[in-house]
Number of protein chains: 2
Amino acid sequence: MNDSRPEAAKQGSSGCVVISIDAMGGDLGPEAVIGGMARSVSDAPDIRFIVHGPQDTLQGLIDRYPELSGRCTLRHADGVVTMDDKPSQVVRNGKNTSMWSALESVRAGEAGVAVSCGNTGALMALSVIRLRRLPGINRPAIACLWPSRNPGGFNVMLDVGADVKADAEDLLQYALMGVSYARNGLGLKRPRVGLLNVGTEEHKGRAELKLANELIAAAAPDADFEHVGFVEGSDLPSDRVDVIVTDGFTGNVALKTGEGTARLVGDFLREALNSGLMARLGALLAMRALKALGARIDPRRVNGGVFLGLNGTVVKSHGASDATGVAAAIGLAYKLARSGYQERLAARVAHAAQAGQDAPADREQDGQNP
Amino acid sequence: MNDSRPEAAKQGSSGCVVISIDAMGGDLGPEAVIGGMARSVSDAPDIRFIVHGPQDTLQGLIDRYPELSGRCTLRHADGVVTMDDKPSQVVRNGKNTSMWSALESVRAGEAGVAVSCGNTGALMALSVIRLRRLPGINRPAIACLWPSRNPGGFNVMLDVGADVKADAEDLLQYALMGVSYARNGLGLKRPRVGLLNVGTEEHKGRAELKLANELIAAAAPDADFEHVGFVEGSDLPSDRVDVIVTDGFTGNVALKTGEGTARLVGDFLREALNSGLMARLGALLAMRALKALGARIDPRRVNGGVFLGLNGTVVKSHGASDATGVAAAIGLAYKLARSGYQERLAARVAHAAQAGQDAPADREQDGQNP
């Protein structure tokens, strides 16, 4: 394998999709990350990894999985960004960390996408500094997929935590970035965009939301999306919207509230089905259906926030991700890298942010480096 | 029955608990409200109602339920506050509405608590104007119960929508009001208070949250609660906190997100248990357990936000409440009226807001008017 050469590393002439992995900084340590890499291989035969972290530790872990043999290039990095590190410190002093190193592989064009379970604030700060914003973007955003009643099974919500603030202009940019993501990532031709508020009536909410709602409405015809107006928390899983726009504070609270609620209901269901002989027998008969349900509501399955608005794709996996969660994040990264999404998104978001337009693809970019 | 006399109307010498009901303004009309009243009677033999709205319509509905016979006093009101009415309009021109009339019964001391399914913003604005704030309170708040893993089964969250803004001082007042509610309403001696944020680390979040966290920490020893620090959306149903403090925008989004998620998971569960013969058979066997689960996660069961910080108790039922939801809100109102909670809360919140103290009850108030 020779994927340290930039030209072979991206999905390109070699036919491989290269993902840059920050192996450190997650709550469950590099074991969960390497385990997740191993799980992701079966669905992605052409996947290759550049793995960043302490060489000896990682080599030992990789050697446990025969399926990873010949797929990994190691990049030694001593330092680890912890969950307590302040983003500003990491930006100043983090050159020796696995997170920094993982982003460098994307910056250098060696890998199409970087994946990290580490400190979100630090990862975003480093991504902004090292990869830089797309032209016309003020605040990058983190987009997540949200299980919904839509035919595709998901809505997109952003921002879920890149920045605790967003003014009306930022919210407009989020709408345009979200439309591009939904169009290119979820295959929706004319996404429906809603702005998260405390009610659907036009007079409700904060002043900046009213202004943002007007800006988004005005951009809808040129950017070819449908403006739904205000949506509420109860609409997040609904089928009347595809892209939900909000500031990173509200989006982060909503995301974690939804995850926490799904987990609570799942726990209550387990208790209920263990509450007596008849219930246990019933659960046994319905086991296959219940397992399918468990997979459907498992928050790990939609693990992976995508950083939008940068020159390069970064997937943030949940800090507490286990191997299943990491595999889901890598699966998302693989899908985005394979689709040539970053190249298309970069061109379109820049265009959309400047001109309020986001035309459909006129040709398929397929395996070509830009 | 003679409960139009103020002295007999509150829980008092007559031994009755009088609830003032705004019968209009809910999405499902007065049928759902009167139906909810009828349902609530079985658990509350000493309950009486003053019912506000168009007399002829309401009398016809009440006559359908023999269990309401002799329990209701009607107060005619022509006007209805709709969901689209602006609070400022209602405050100026709403004198003839059922909502205004329902609050007047509390203001006049005829009823201990008012219940309404109507427009939240209008109800809060009218409540502030007509009942007035407790001394020392800047912004009143709406508190809701949140299903949790705590032994009592619930956490308290506030504000869930009284005001879209809250500064650090407001958040401190919410903490103190929430402590009083948890102590008097949930029976917790030393409630644990957390401030909702995007992470538990001290450096995270908006500047006003850092300040609020310091203010709440400083108030904890004197007001005799435990300061947990920052909590995240995933902690809302957790057992490491009893009172969750946040601004009304974030709290409203979180509340509706949690409700929406629980409903989605419930729908997915029904689909799963209908997905084949074995699953259907299993569901049949486990039916009793599944029904208990359904009741446990039913958002209608915890219906009823309580307005805190006013000279009088107001319970806001969900706008879309059906009879089950209305009955839950009335049940909560009944419990609060019976406990003498408003009188205790008024004294304590005023004291706490001024001195940061909230001493436990030194005597039980039991059936005495103040």
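Residues numbered from 1 in each chain as written. Chains lettered and ligands numbered in written order. Predicted model: local features only at pLDDT ≥ 70, side-chain atom pairs only at ≥ 80, totals over all residues. Heavy atoms only, no water.

Draft legend 1. Local environment of the overall build of chain A. When its secondary structure is counted, chain A shows 13 helices and 11 strands. Expressed as a percentage of its 370 residues, the buried residues of chain A come to 61%. Long-range contacts, defined here as pairs at least 24 residues apart, represent 71% of the contacts in chain A between residues at least 6 apart. About 14,400 Å² of surface is accessible on chain A, with carbon and sulfur atoms providing 50% of the total. (Helix = DSSP H or I, 4+ residues; strand = E, 2+ residues; numbered from the N terminus. Buried < 20%, exposed > 50% of the residue type's maximum accessible area, 1.4 Å probe, protein only. Contact = heavy atoms within 4.5 Å. Areas by Shrake-Rupley, 256 points an atom, 1.4 Å probe, with all protein chains shown as cover.)

Draft legend 2. Examining the pairing of strand 3 (residues 72-76) of chain A more closely. All names here are of chain A. As paired elements, strand 2 (residues 47-53) and strand 3 share five bridges and run parallel to each other. Along strand 3, the bridge assignment pairs Gly53 with His76. Regarding topology, helix 3 (residues 55-62) serves as the crossover connection from strand 2 to the parallel strand 3, and that connection is right-handed. (Pairing = 2+ DSSP bridges. Right-handed = clockwise from strand over helix to strand, strands pointing away.)

Draft legend 3. Main features of the sheet that holds strand 2 (residues 47-53) of chain B. Residues and elements named next belong to chain B. Taken in spatial order, the 11 strands of this open sheet run 3-2-1-4-11-10-5-6-9-7-8, and their pairing is mixed. In this open sheet, the two edge strands, each paired with only one partner strand, are strand 3 (72-76) and strand 8 (226-231). On average, each strand axis in the sheet is tilted by 25 degrees relative to the strand beside it, whichever way the strands run. Strand direction decides the pairing type here: strand 10 (residues 305-308) and strand 11 (residues 313-316), joined by three bridges, are antiparallel. Across the sheet, residue Gly305 finds its bridge partner in strand 11, namely Lys316. (Axes fitted to C-alpha atoms, helices over the stretch in contact; angles between N-to-C directions.)

Draft legend 4. Inspection of the relation of the copies chain A and chain B at higher detail. Overlay of chain A on chain B (RMSD 0.1 Å): rotation 180 degrees, translation along the axis 0.0 Å. Each copy turns onto its partner about a two-fold axis. When C-alpha distances to the rotation axis are compared across chain A, the minimum falls at Gly282 of chain A, with a value of 1.8 Å. Counting the interface residues of chain A, we find that 100% of their copies in chain B are interface residues as well, pointing to one common contact surface. (Least-squares fit on C-alpha atoms with pLDDT ≥ 70 in both.)

Draft legend 5. Seen up close, the packing of aromatic side chains. Counted by the stated rule, this structure contains zero aromatic pairs over all chains. When the ring centre of Phe249 of chain B is taken as reference, the NZ or CZ atom of Arg206 of chain A above it lies at 4.3 Å. (Phe/Tyr/Trp six-rings, centres within 6.5 Å; stacked < 30°, edge-to-face > 60°. Lys NZ or Arg CZ within 6 Å of the ring centre and 35° of its normal.)

Draft legend 6. Quick peek at the interface of chain A and chain B. On the chain B side, the residues contacting the 56 residues of chain A number 56 residues. When the two sides are added together, the surface that chain A and chain B hide from each other amounts to roughly 4,900 Å², 70% of it contributed by carbon and sulfur. In this structure, Arg149 of chain A engages Asp267 of chain B in a salt bridge whose closest nitrogen and oxygen atoms are separated by 2.6 Å. For the side of chain A that touches chain B, the secondary-structure elements that each account for two or more residues are strand 5 (141-147), helix 9 (248-272), helix 10 (277-285) and helix 11 (287-297) of chain A. It is helix 9 of chain A that contributes the most residues to the side of chain A that touches chain B, 20 residues altogether. Taken together, the residues of the side of chain A that touches chain B break down into 28 nonpolar, 15 polar and 13 charged. (Buried area = accessible area lost by both parts, 1.4 Å probe. Salt bridge = Lys/Arg side-chain N within 4 Å of Asp/Glu carboxyl O. Nonpolar A, V, L, I, M, F, W, Y, C, P; charged D, E, K, R; others polar.)

Draft legend 7. View of unusual backbone geometry. Residues and elements named next belong to chain A. Note that the residue after Leu158, namely Asp159, is joined by a cis bond; omega there is -5 degrees. Structurally, Asp159 can be placed in the loop between strand 6 (154-158) and helix 7 (168-185). The backbone of Arg132 shows a phi angle near 70 degrees, a positive value even though the residue is not glycine. Of note, Arg132 is situated in the loop between helix 6 (120-131) and strand 5. Judged by relative accessible area, which is 54%, Arg132 ranks as exposed.

Draft legend 8. Spotlight on helix 9 of chain A. All names here are of chain A. Here helix 9 spans 36 Å end to end across 25 residues, near enough to the 36 Å set by a 1.5 Å rise per residue. Burial runs high along helix 9: 21 of the 25 residues are buried. Capping the start of helix 9, Asp247 holds a side-chain oxygen 3.0 Å from the backbone nitrogen of Phe249, two or three residues further along. (Expected span 1.5 Å × (residues − 1). Polar contact = N/O pair within 3.5 Å; in protein donor to acceptor, adjacent residues only side chain to side chain.)

Draft legend 9. Quick peek at helix 8 (residues 207-223) of chain A. Residue and element names in this part refer to chain A. For helix 8, spanning 17 residues, the distance from its first C-alpha to its last is 24 Å, which sits close to the expected 24 Å at 1.5 Å a residue. Where helix 8 is concerned, the buried positions are Leu209, Ala212, Asn213, Ile216, Ala219, Ala220 and Ala223. The buried side chains of helix 8 occupy one side of the element, clustering within an arc of 140 degrees when seen end-on. Residues of helix 8 that are exposed and point more than 90 degrees away from the buried face comprise Ala207, Glu214, Ala218, Pro221 and Asp222. (Arc of directions from axis to C-beta.)

Draft legend 10. A look at the packing of helix 2 (residues 29-40) of chain B against helix 3 (residues 55-62) of chain B. Residues and elements named next belong to chain B. Packing of helix 2 against helix 3 brings their axes to within 10 Å, and their N-to-C directions diverge by 45 degrees. Our classification of the angle between helix 2 and helix 3 gives oblique. Relative to helix 3, helix 2 is oriented so that their crossing is right-handed. Note on element contacts: helix 3 touches helix 2 through Thr57, Leu58, Leu61 and Ile62, opposite Pro30, Glu31 and Ile34. Of the residues belonging to the contact of helix 2 with helix 3, the class tally is five nonpolar, one polar and one charged. (Parallel < 35°, antiparallel > 145°, perpendicular 65-115°, else oblique. Left-handed = near helix turned anticlockwise from the far one by under 90°.)

Draft legend 11. Examining the side chain of Asp46 of chain B more closely. Residue and element names in this part refer to chain B. Along the chain, Asp46 turns up in the loop between helix 2 and strand 2. Owing to a relative accessible area of 14%, Asp46 belongs among the buried residues under this scheme. At 2.4 Å, the side chain of Asp46 and the side chain of Tyr334 are in polar contact. Those residues within four positions of Asp46 in sequence are excluded, and the remaining contacts are Gly15, Cys16, Val17, Tyr334 and Arg338.

Draft legend 12. Region of interest: the sheet that holds strand 5 of chain A. Residues and elements named next belong to chain A. Spatially, 3-2-1-4-11-10-5-6-9-7-8 is the arrangement adopted by the 11 strands of the open sheet, whose pairing is mixed. Two strands in the sheet have a free side with no partner beyond their single neighbour: strand 3 and strand 8 (226-231). For this sheet the average axis-to-axis angle between neighbouring strands, irrespective of direction, equals 25 degrees. Where strand 4 (residues 113-116) meets strand 11 (residues 313-316), four bridges bridge the pair, whose relative direction is parallel. When the sheet's bridge partners are listed, Ala114 is paired in strand 11 with Val314. Of the strands in this sheet, strand 1 (17-22), strand 2 and strand 3 are in contact with helix 2 (residues 29-40), which crosses strand 2 at around 175 degrees. Packing of helix 3 onto the sheet brings it into contact with strand 2 and strand 3, and relative to strand 3 it is tilted by some 160 degrees.

Draft legend 13. Inspection of the nonpolar core at higher detail. Judged by nonpolar contacts, the single largest core of 95 residues is most densely connected at Ile19, Phe49 and Val51 of chain A. Element by element, the count of residues in this core is highest for helix 7 of chain A, at 10 residues. Each of domain 1 (1-136 + 309-338) and domain 2 (138-303) of chain A contributes no fewer than three residues to this core. By size, the runner-up hydrophobic cluster in this structure holds 94 residues, among which are Leu74, Val160, Leu195 and Ala337 of chain B. (Core = buried A, V, L, I, M, F, W, Y, C linked by side-chain atoms within 4.5 Å. Domains from an automatic or database assignment.)

Draft legend 14. Representation of the confidence of the model for chain A within the structure. Residues at a pLDDT of 70 or more form 85% of chain A, whose mean pLDDT is 85. For the stretch residues 355-370 of chain A, pLDDT sits under 50, and the model shows 31 contacts to residues farther than four places along the chain or on other chains. (pLDDT = per-residue confidence, 0-100.)

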